[in-house]
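# Tertiary structure, described
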Protein chains: 2
Amino acid sequence: MPTPYSLYYWPDIPGRGEFVRLVLEEADVPWRDVGRLPREQGGGAEAVLAFYAGRHAGHPIFAPPVLVQDELVLAQTAAICHFLGCRHGLAPDDERGRTHALALELTIADLVLEAHDTHHPIGAMLYYEDQQPEAKRRAASFTGERLPRFLGYFERVLGHSGGPYLLGARASHADLSLFQALEGLDYAFPRAFARASAGAPGVAALRERVRARPRIAAYLASARRMPFNQQGIFRRYPELDADADS
Amino acid sequence: MPTPYSLYYWPDIPGRGEFVRLVLEEADVPWRDVGRLPREQGGGAEAVLAFYAGRHAGHPIFAPPVLVQDELVLAQTAAICHFLGCRHGLAPDDERGRTHALALELTIADLVLEAHDTHHPIGAMLYYEDQQPEAKRRAASFTGERLPRFLGYFERVLGHSGGPYLLGARASHADLSLFQALEGLDYAFPRAFARASAGAPGVAALRERVRARPRIAAYLASARRMPFNQQGIFRRYPELDADADS
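On a predicted model such as this, the values are computed, not experimentally measured, just so you know. (Residues numbered from 1 in each chain as written. Chains lettered and ligands numbered in written order. Predicted model: local features only at pLDDT ≥ 70, side-chain atom pairs only at ≥ 80, totals over all residues. Heavy atoms only, no water.)

## Quick notes on the nonpolar core
Which entries qualify depends on this criterion: The set of buried Ala, Val, Leu, Ile, Met, Phe, Trp, Tyr and Cys residues whose side-chain atoms join them within 4.5 Å is what this entry labels a nonpolar core. Burial here depends on accessible area, computed with a 1.4 Å probe over protein chains only, as a share of the maximum for the residue type. Under 20% is buried, over 50% is exposed, and the range in between is partly exposed. Two residues qualify as a contact provided that any one of their heavy atoms is within 4.5 Å of a heavy atom in the partner residue.
One finds F154 of chain A together with F154 of chain B to be the most contacted residues of the largest nonpolar core, which totals 140 residues. If we ignore the near neighbours within four places in the chain, the residues touching F154 of chain B are L104, T107, I108, L111, L166, L178 and V203 of chain B.

## As for the interface of chain A and chain B
Threshold: Accessible area that two parts lose when put together, with a 1.4 Å probe and added across both, is what the buried area reports. Salt bridges are defined by distance alone: a side-chain nitrogen of Lys or Arg within 4 Å of a carboxyl oxygen of Asp or Glu. Residues are grouped as follows: Ala, Val, Leu, Ile, Met, Phe, Trp, Tyr, Cys and Pro are nonpolar; Asp, Glu, Lys and Arg are charged; all remaining types, including Gly, are polar.
Opposite the 52 residues of chain A that make contact, chain B presents 52 residues. Interface of chain A and chain B: buried area, both sides summed, is about 4,700 Å²; carbon and sulfur atoms make up 60% of it. Note that R87 of chain A is salt-bridged to E95 of chain B, the shortest N-O span being 3.7 Å. Considered class by class, the residues forming the side of chain A that touches chain B number 24 nonpolar, 14 polar and 14 charged.

## Considerations on the sheet that holds strand β4 (residues 72–75) of chain B
Sheet strands line up and pair through hydrogen bonds in the backbone, either parallel or antiparallel. Residue and element names in this part refer to chain B. Where we set the bar: We call two strands paired when DSSP finds no fewer than two bridges between them. For helices the rule is a DSSP run of H or I covering at least 4 residues; for strands it is a run of E covering at least 2, with both sets numbered from the N terminus onward. Axis definition: a line fitted to C-alpha atoms, limited for helices to the stretch in contact. Angles are taken between N-to-C directions and run from 0 to 180 degrees.
Taken together, the four strands give an open sheet; going across it, the order is β2-β1-β3-β4, and neighbouring strands pair in mixed fashion. On the outer flanks of this sheet lie β2 (31–33) and β4, each paired with one strand and no other. Going from strand to strand, the sheet's axes swing by 20° on average, the running direction of each strand aside. As defined by bridge partners, strand β1 (residues 5–8) adjoins strand β3 (residues 66–69) across three bridges and the pair is classed as antiparallel. Across the sheet, Y8 pairs through a bridge with V66, a residue of β3. Of the strands in this sheet, β1, β3 and β4 are in contact with helix α2 (residues 45–52), which crosses β1 at around 85°.

## Section: the environment of A115 of chain A
Residue and element names in this part refer to chain A. The residue A115 is located in helix α4 (residues 95–119) in this model. Along the primary structure A115 and I233 are separated by 118 residues, whereas in three dimensions their C-alpha atoms are 7.3 Å apart. Each residue touching A115, except ones within four places of it in the same chain, is listed here: F142, L185, F189, I233 and F234.

## What about the relation of the copies chain A and chain B?
Test applied: For the least-squares superposition of copies, only C-alpha atoms count, and only for residues with pLDDT at least 70 in both.
When chain A is fitted onto chain B, the two copies agree to an RMSD of 0.0 Å after a turn of 180° and an axial shift of 0.0 Å. Such a turn and shift between the copies fits a two-fold axis. Judged by C-alpha distance, P121 of chain A is the residue of chain A that lies nearest the rotation axis, at 2.8 Å. Comparing interface residues between copies, 100% of those in chain A also sit at the interface in chain B, which points to an isologous, same-surface contact.

## Focus: empty space enclosed by the protein
Formally: Definitions used throughout: a 1 Å grid over protein atoms alone; a cavity as a set of points that fits a 1.4 Å probe which cannot get out; a pocket as an open set with protein on both sides within 12 Å along at least five of seven lines; a lining residue as one with an atom within 4 Å of a point. Grid points are joined across faces, edges and corners, and a volume is the space filled by probe spheres set on the points.
Summed over the entire model, instances satisfying the criterion amount to four cavities of 30 Å³ or more. In this structure, the largest cavity spans a volume of roughly 50 Å³. In terms of lining residues, the largest cavity is bounded by H59, P60, I61, F62, V73, L74 and A75 of chain A together with H100, A103, L104, T107 and Y153 of chain B. Sorting the residues of the lining of the largest cavity by element identifies β4 (72–75) of chain A together with α4 (95–119) of chain B as the ones contributing at least two each. When residues in the lining of the largest cavity are grouped by element, the largest group, four residues, is from α4 of chain B. Looking at the lining of the largest cavity residue by residue, the class counts come to nine nonpolar, three polar and no charged.

## Here's the deal with the packing of helix α5 (residues 132–161) of chain B against helix α8 (residues 201–211) of chain B
All names here are of chain B. Applied cut-off: Between 65 and 115 degrees an angle is taken as roughly perpendicular, under 35 as roughly parallel, over 145 as roughly antiparallel, and anywhere else as oblique.
Packing of α5 against α8 leaves a shortest axis separation of 8 Å and a crossing angle of 80°. Relative to α8, α5 is oriented roughly perpendicular. Across the interface between the two elements, L151, F154, E155 and L158 from α5 touch P201, G202, V203 and L206 from α8. When grouped by side-chain class, the residues that make up the contact of α5 with α8 number six nonpolar, one polar and one charged.

## Some points on the packing of aromatic side chains
Residues and elements named next belong to chain A. Condition: Any pair of Phe, Tyr and Trp rings, taking the six-membered ring for Trp, is counted once the centres come within 6.5 Å. Such a pair is stacked with planes under 30 degrees apart, edge-to-face with planes over 60 apart, and tilted for the rest.
Counting across every chain of the model gives 18 aromatic pairs over all chains. Centroid distance W10 to Y52: 5.9 Å. Interplanar angle 65°. Geometry classified as edge-to-face. On the criterion of sequence distance, the pair formed by W10 in the loop between β1 (5–8) and α1 (17–27) and Y52 in helix α2 (residues 45–52) is long-range, its members being 42 residues apart. Residue class for Y52 comes out partly exposed when judged on its relative accessible area of 27%.

## Here's the deal with the sheet that holds strand β2 (residues 31–33) of chain A
All names here are of chain A. On the basis of which strands lie adjacent, the open sheet formed by four strands has the order β2-β1-β3-β4 and mixed pairing. Of all strands in the sheet, those with a lone pairing partner are β2 and β4, marking the two edges. With strand direction ignored, the average angle separating the axes of adjacent strands in the sheet is 20°. When β1 meets β2, the two strands line up parallel, connected through three bridges. Among the inter-strand pairings, Y5 is bridged to a residue of β2, identified as W31.

## Observations concerning α1 of chain A
All names here are of chain A. The buried fraction of α1 is high, at 11 of 11 residues. Every buried residue belonging to α1 is among G17, E18, F19, V20, R21, L22, V23, L24, E25, E26 and A27, and all of these are buried. Of the residues flanking the end of α1, it is D28, one or two places downstream, whose phi is positive at about 60°.

Dropping the structure here:
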């Protein structure tokens, strides 16, 4: 039996770790969420911090999430999702399709980073409160221009593949990640997201289709699923959302 | 004989296209730089704009650079470099090594994006001049904290692999991309880069080793190599560099 996967990610936020969790859950592989284990079992934030600070064995990583299995010490959310997807039936079988799935995963990562940067345009090291005027300007550009462009793009991808998933009949890691991104956008920017979604019905349908997949549905209903909060990537600051009347 | 690769990228900046060009040159494969061909040959900015605007055949892409070969229509710089590297001997042979190379490529992409966002913290749609105070704040965080952290990370990777390349004895696409990122950082932030590089001698040596590879050296000496300029990712705004005396 292969060694179970170990995920190292901050225990208090869904963050980028959640993209990895969804792939692990849908792949139905044995894994442990080390950051959320008790300290007595080697878990907790300190175990994750060891990776952030470079105090760990194996291939160096820049920042969590980190997936560990034997000699594999892998960071970068998109690389982890691609790796797991290719290994566990959540990616196309051919090289071209796998690379397209990776490119989609990276475009989702770009969208997620831009959503994050609405509340941290000056730097992730500073508090939101210390960059609020800048955040309002950046968020206006995100909700007004970038978000509709991204959703329109994924709608075109669905039109090209014929759906219901981004690459056609079979779900891939990119569909799971898009689901998570949409959940976060809806949490953080309910008004702007509703407005932009009106032009992307296929994307909205994909979101519900992923939510209804049996393993995903079971996971979402479990205590393992963490709600969004105000420390993560997606934060609900009403002043950064689109205006109600515009 | 396989169809030559076609790269679609803006003709006036090295930008993200340059990361792809370095891999194509080192791989020594037939390719054409469509954006820099004359309009009569189907080239120019308009050919690239068709991809940006979604007016093109095949798999939809979000933004250039795009690599096209027969049915492959691939965007996302890191995905393109990974794909070409795996196909043309510029990636490790095993799955784990390839995935580590991809993760390194993604960390380099993060560094490049953070360098870009120093001059566009509020939005890529606005002029630099309209976000200059914000740019100064963001650049201070980049040159003071992020840049040294990134270079220190790549130094640790070299220490772990034993060098001289990021993954050991053989060069991969990640080494070529790190070279290009370092060239850009040195152009944009000469003072901050010199300061941060003092703590990363292995990284500096890798840069020179890539520069001296015969195909890369020939490319850099050719008219195909585009100098950095003030419209690209890396821009030299002295007010965003570290202070001379701090």
